[in-house]
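# Analysis of the macromolecular model
Spelled out from the first residue to the last, the chains are:
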Amino acid sequence: MNETTELIKNITEGIQEKKGSNIVVADLTGISETISKYFVICQGNSPTQVGAIVDSIKEFTRKNSGVKPFAVDGLRNSQWVAMDYSDVLVHVFLPETRQYYNLENLWADARLTSVPDIE
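Notes on the structure follow. (Residues numbered from 1 in each chain as written. Predicted model: local features only at pLDDT ≥ 70, side-chain atom pairs only at ≥ 80, totals over all residues. Heavy atoms only, no water.)

## Here we look at the pattern of salt bridges
Between side chains of opposite charge, pairing is possible as soon as their charged atoms come close. The following threshold applies: Criterion for a salt bridge: a side-chain nitrogen of Lys or Arg within 4 Å of a carboxyl oxygen of Asp or Glu. Here a strand is any run of E in DSSP of at least two residues, a helix any run of H or I of at least four, and the numbering for each starts at the N terminus. Here the term buried applies to any residue with accessible area under 20% of the maximum for its type, exposed to any over 50%, and partly exposed to those in between, with areas from a 1.4 Å probe on protein chains only.
Tallying each qualifying case throughout the model produces five salt bridges. With its nearest N and O atoms 2.6 Å apart, the salt bridge here joins Arg111 to Asp27. Of this pair, Arg111 sits in strand β6 (residues 111-115) while Asp27 is found in strand β1 (residues 21-27), placing the two residues 84 residues apart along the sequence. Taking relative accessible area as the criterion, Asp27 reaches 9% and is therefore assigned buried. We note a salt bridge from Asp87 to Lys37, for which the minimum N-O separation is 3.9 Å. Taken as a pair, Asp87 in the loop between β4 (80-84) and β5 (88-93) and Lys37 in the loop between β1 and β2 (38-43) lie far apart in primary sequence, 50 residues in all. Of the residues examined, Asp87 reaches a relative accessible area of 28% and is grouped as partly exposed.

Below, the structure written as structure tokens:
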């Protein structure tokens, strides 16, 4: 398993640990001139849950991959938090904010993979 695949796995597990939902991995490697190779997009049901998901992602990636995000932005209101892991950008949304920005359709050329929710 390469480093990026392992990182995405740890990000996904961090999201699932805090019951984040509607996880989508967007593979941008086939698109030229993108800001990263992958997006991981998910949502939480409240600003508190969004913050908990972000903390869980940080913990899982640090503990299992030895990686910390270069930057985390959006925690002040926790409607949309972006986490920069260089090759992977993580977007944790509130449902209405996610619907408004609709990143999955914005990157329509990307190969999208849905990760099942954990009950």
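## Re unusual backbone geometry
If you check the backbone angles, Lys19 has positive phi at about 60° while not being a glycine. Note that Lys19 resides in the loop between α1 (3-17) and β1. For Lys19, a relative accessible area of 48% puts it in the partly exposed group. With a phi angle near 50°, Asn22 is a residue other than glycine that sits in the positive phi range. Here Asn22 is to be found in strand β1. A residue is classified by how much of its surface remains accessible, and Asn22, at 38% relative accessible area, is partly exposed.

## Some words on the side chain of Thr97
Convention followed: Contacts between residues were defined by any pair of non-hydrogen atoms, one from each residue, lying within 4.5 Å.
Inspection of the secondary structure assignment puts Thr97 in helix α3 (residues 95-101). A relative accessible area of 10% places Thr97 in the buried class. Setting aside residues up to four positions removed in sequence, Thr97 forms contacts with Gln79 and Trp80.

## A look at the environment of Ser65
Test applied: Here a polar contact is recorded for every N or O atom pair within 3.5 Å, except that within protein the pair must consist of a potential hydrogen donor and a potential acceptor, and residues adjacent in sequence are included only if both atoms are side-chain atoms.
Summarising the element assignment, Ser65 is placed in helix α2 (residues 47-65). Residue Ser65 is classed as partly exposed on the basis of its relative accessible area, which comes to 23%. C-alpha separation for the pair Ser65 and Glu6, spaced 59 residues apart in sequence, amounts to 7.2 Å. Not counting chain neighbours up to four residues away, the residues in contact with Ser65 comprise Glu6, Leu7, Asn10 and Phe60. Polar side-chain contacts of Ser65 include one of 2.5 Å to the side chain of Asn10.

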